[in-house]
Amino acid sequence: MMSDNTEQNSMQPTKTELKNILLSYKNKINENRLPQLAYLIIRKAIRNLQLPPGETFLEREMTEMLDMSRTPVREALVRLEMDGWIRLIPRKGFSVEPIMKESIQQICQIAEALDGVAAELATLNIDEASIKKLESLIDLQESLLYESNLKDWADVDDEFHNLIIDYSQNERLKSVMDSHSDQLYRARVYTINDRELPARSIIEHRAIVAAMKARDSKAAQTLMHSHRKRGSEEILAILERKSKNNRY
C-alpha cells in the first residue's frame, strides 16, 4: 500500500488490521456469489475510509486479505471502477478515487431535492411507530454528540435519513438515493472532524419530525431540503479548503 498523504496514512489501519476488517465484513454480508461478495466488501471498506481516498493497493494484496481467488476479486474491481469507486492500474492493482468537491457537489444537489421529496412522501405514509423510531434516533444522536462520538453520530445520521427514504415508499426514489448515499457518507465521515459539532442538525431533525407528526408534508419537504443544503455547504467548504491545502 502506497500513499503520498502522510497525515492520512498515519490514521489508516495496518495490513493485519485491514485484513481483519475485510474478513469481518465477509462474515457479515449474506452473499454467496463471490464477485458480488468481493464488490460489497471492498465498497464498504472504501465507504468507511478503511481503504482511504487516494490510496493504492495491489490486486494480489486484496485477494490475500479477502481469502479469495483472483477471478472474483478482479470482476469486483472492474465493477467498482465502472461505478466510480476506484481506478484500475494495469498489471498492478487499483487506487481509491479521491473525494472531489465537484463530484460531491453534484451528488449533494440530487440529495437535497430527493430527500425533500422523500420527507414529503413519508409524511403522507408514516405511522406512529415510525415516528417514534425517528425520535429515538434523534435522542441517540444527541447522546453521541454529548460524548463527542462523531463517527457513531454519522452512522445514526445516515440511518435517520435512510429510514425517511424507506418511509417514502417510492422504490425508484430509493434506488436513485442508494446509488449515491455511500458517496455522501464517505464525504461526511471524511470531513466530520473539520466541522463544528453538528448541534444544529439535532434541532433540524426534530423540526422535520415535528412537521411529519403534524402531517404537514410541504413543511417537512422544505425543512429537509434546507437541512440537507446547509449540511452540503459545510462539507463542500471543507473539501475546498482541503483541496487548496494539498496544492502547497
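Predicted model only: the values in this text are computed from it and were never measured.

(A) Layout of the confidence of the model for the chain. Residues at a pLDDT of 70 or more form 94% of the chain, whose mean pLDDT is 91. Low confidence marks residues 1–10, where pLDDT is under 50. Its contacts with residues over four positions away, or in another chain, come to 15 contacts.

(B) Expanded view of the pattern of salt bridges. As enumerated under the stated definition, the model contains 28 salt bridges in all. Residue E64 is joined to R60 by a salt bridge in which the shortest nitrogen-to-oxygen separation is 3.9 Å. Pair noted here: E64 and R60 are both in helix α4 (residues 59–66), with a separation of 4 residues, about one helical turn. E64 gets classed as partly exposed once you look at its relative accessible area, which sits at 46%. Here D194 ties to K242 by a salt bridge, and the two come within 3.2 Å at their closest N and O atoms. Placement of D194 in the loop between α9 (171–191) and α10 (199–213) and of K242 in helix α11 (residues 217–245) is noted, with a sequence separation of 48 residues between them. A relative accessible area of 39% means that D194 is categorised as partly exposed. Using a relative accessible area of 23% as the deciding quantity, one classes K242 as partly exposed.

(C) Highlighting unusual backbone geometry. Not every positive phi belongs to a glycine, and Q169 is a case in point at roughly 60°. Turning to its location among the elements, Q169 is positioned in the loop between α8 (150–167) and α9. Exposure remark for Q169: the relative accessible area of 59% places this residue in the exposed category. The phi torsion at R215 lies on the positive side, around 65°, for a residue other than glycine. Within the secondary structure, R215 sits in the loop between α10 and α11.

(D) Here's a closer look at the packing of helix α2 (residues 15–28) against helix α3 (residues 34–47). Where α2 meets α3, the closest approach of the two axes is 10 Å, and the angle between their N-to-C directions is 130°. It follows from the interaxial angle that α2 and α3 lie oblique. Between α2 and α3 lies a crossing of right-handed hand. Contacts between α2 and α3 involve L22, Y25 and K26 from the former and L37, I41, K44 and A45 from the latter. Partitioned by chemical class, the residues of the contact of α2 with α3 number 5 nonpolar, no polar and 2 charged.

(E) Structural detail: the pairing of strand β2 (residues 86–89). Side-chain alternation along β2 places I86 and L88 on a buried face and R87 and I89 on a face that remains uncovered. With 4 bridges connecting them, β2 and strand β3 (residues 93–96) associate as antiparallel partners. Its bridge partner being in β3, I86 is matched across the sheet by V96. Counting the residues in the hairpin turn of β2 and β3 gives 3 residues, including R91, whose phi is positive at 65°.

Conventions used here
- Residues numbered from 1 in each chain as written.
- Predicted model: local features only at pLDDT ≥ 70, side-chain atom pairs only at ≥ 80, totals over all residues.
- Heavy atoms only, no water.
- pLDDT = per-residue confidence, 0-100.
- Contact = heavy atoms within 4.5 Å.
- Salt bridge = Lys/Arg side-chain N within 4 Å of Asp/Glu carboxyl O.
- Helix = DSSP H or I, 4+ residues; strand = E, 2+ residues; numbered from the N terminus.
- Buried < 20%, exposed > 50% of the residue type's maximum accessible area, 1.4 Å probe, protein only.
- Axes fitted to C-alpha atoms, helices over the stretch in contact; angles between N-to-C directions.
- Parallel < 35°, antiparallel > 145°, perpendicular 65-115°, else oblique.
- Left-handed = near helix turned anticlockwise from the far one by under 90°.
- Nonpolar A, V, L, I, M, F, W, Y, C, P; charged D, E, K, R; others polar.
- Pairing = 2+ DSSP bridges.

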